[in-house]
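Architecture and fold: a report
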Amino acid sequence: MQKIAICDDELAMCEELRQKLNILFTQWKLPFTITCFTDPIKLMNSPLHFTMIFLDIQMPKINGLKLANKLREQNSFCALFFVTISKDYMLEAFELEPIDYLCKPVDMNRLERSVKRALARQENQLRKALFVQTGNHCFSVRLTSIYYCEIINRKIYLYTTEGTIDYYGKITELSKQLDQRFFRCHRSYLVNLDYLLEYSNGQITLTNGSQIPLSRLRHQEFLQTMMEYLTKED
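Residues numbered from 1 in each chain as written. Predicted model: local features only at pLDDT ≥ 70, side-chain atom pairs only at ≥ 80, totals over all residues. Heavy atoms only, no water.

1. Here we look at the environment of F182
Heads up, the condition is: Comment: elements are numbered from the N terminus, with helices defined as DSSP H or I runs of at least four residues and strands as E runs of at least two. For every residue, the accessible area (1.4 Å probe, protein chains only) is compared with the maximum for its type, and the residue is labelled buried under 20%, exposed over 50%, or partly exposed between those bounds. Only heavy atoms matter for contacts: two residues are in contact if any of them lie within 4.5 Å across the pair.
Examined against the element boundaries, F182 turns out to sit in strand β11 (residues 182-186). With a relative accessible area of 10%, F182 lands in the buried category. Apart from residues lying up to four places away in sequence, F182 is in contact with L143, I146, C149, V191 and N192.

2. Overview of the side chain of S114
Tracing the sequence through the fold places S114 in helix α5 (residues 108-127). Classification of S114 by relative accessible area gives buried; the value is 0%. Beyond its immediate chain neighbours, meaning those up to four positions away, S114 contacts F81, I99, D100 and L102.

3. A closer look at the sheet that holds strand β4 (residues 79-84)
Two modes of strand pairing occur in sheets, parallel and antiparallel, and in both the strands are linked by backbone hydrogen bonds. Inclusion rule: Strand pairing is defined by DSSP finding a minimum of two bridges between the two strands. All axes are obtained by fitting lines to C-alpha atoms, using only the stretch in contact for helices, and the reported angles, taken between N-to-C directions, cover 0 to 180 degrees.
Spatial ordering of the open sheet is given by β2-β1-β3-β4-β5, a layout of five strands whose pairing is parallel. Only two strands of the sheet have a single partner each, and these edge strands are β2 (32-37) and β5 (100-103). On average, adjacent strands in this sheet sit at an angle of 20 degrees to one another, irrespective of strand direction. Along the sheet face, helix α1 (residues 11-28) touches β1 (2-7), β2, β3 (52-55) and β4 and points at about 175 degrees away from the line of β2.

4. A short note on the nonpolar core
What counts is decided by this rule: By nonpolar core we mean a set of buried residues, namely Ala, Val, Leu, Ile, Met, Phe, Trp, Tyr and Cys, connected to one another through side-chain atoms within 4.5 Å.
Ranked by size, the top nonpolar core spans 21 residues in total, and within it C7, L43, I53, L55, L67 and F82 carry the most contacts. Contributing elements (two or more residues each) for this core: β1, α2 (40-44), β3, α3 (64-74) and β4. Top contributing element to this core by residue count: α3, with four residues. Apart from the residues within four sequence positions on either side, F82 is in contact with L55, I57, G64, L65, A68, A93, L96, P98, D100, Y101 and L102. With 19 residues, the next largest nonpolar core counts L21, F54, V83 and V115 among its residues.

5. Observations concerning the side chain of K20
Put simply, the test is: Polar contacts, as used here, are pairs of N or O atoms within 3.5 Å; protein pairs need one atom able to donate a hydrogen and one able to accept it. Residues neighboring in sequence count only if both atoms are side-chain atoms.
Topologically, K20 is positioned in helix α1. Within the structure, K20 has its side chain in polar contact with the backbone oxygen of V106 (distance 2.5 Å). When near neighbours in sequence (up to four residues on either side) are disregarded, K20 contacts V106, M108 and L111.

6. A word on the sheet that holds strand β13 (residues 196-200)
Here three strands make up an open sheet; going across it, the order is β13-β14-β15 and the pairing antiparallel. Bordering the open sheet on either side are β13 and β15 (211-213), each of which pairs with just one other strand. Ignoring which end each strand starts from, the neighbouring axes of this sheet average 25 degrees apart. Strand direction decides the pairing type here: β13 and strand β14 (residues 203-206), joined by four bridges, are antiparallel. By the bridge assignment for β14, E198 is matched with T205.

Quick look at the structure:
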């Protein structure tokens with residue numbers, strides 16, 4: 001299910017884009033919902049978890065670029081699109097790694113290509129999984145769903161968006177099965193940098209509220225890895 005948000009202080013612009021997206025997703029026979037916001041603060045405070053967000057840039061209260069930064073902190077996986085009448089913010093906008101920078105009025109063909117690119121990126125993320133064996137049962141866990149991993153007495157605990165999974169294993173072997181989004185911040189912990197909210201006083205805070213200790217020996221490496229990861233190109 002694609003949960004789409006459109007934020008533009010002009011209701012007519014929201015409705016125009018909503019209709020175009022409705023045509024695309026109906027044509028593709030993909031399940032979707034679209035929520036329109038004319039107040040950017042309401043979007044920022046919304047409890048809904050959106051997979052795609054279309055943002056105007058020039059809005060009252062908070063502009064689209066600042067809003068995008070806030071939304072990235074809450075949901076690092078959402079596909080961002082900027083929709084604006086001005087090209088002046090293009091360079092600054094692309095620092096936030098949007099799917100596209102769409103100029104009003106939005107061209108239908110350009111919109112279709114952009115949304116398809118976002119769907120392909122989502123699919124690529126979902127294909128990446130960790131295979132876990134417990135007894136005679138083997139199953140996969142999406143890497144995107146893992147907040148962090150912990151090892152306690154030879155048992156690995158995966159804290160995920162769906163709950164906690166535990167199995168016997170070694171953290172060194174687990175590290176080899178994960179990708180670059182995971183950082184070993186402590187001898188007993190691996191954190192998913194996609195869920196990083198902040199770091200302060202030796203504690204890594206994730207978007208789900210979990211606090212993970214950072215080893216003093218890994219402090220410098222963590223800061224460097226974090227900066228490289230946050231500024232990486234797709």
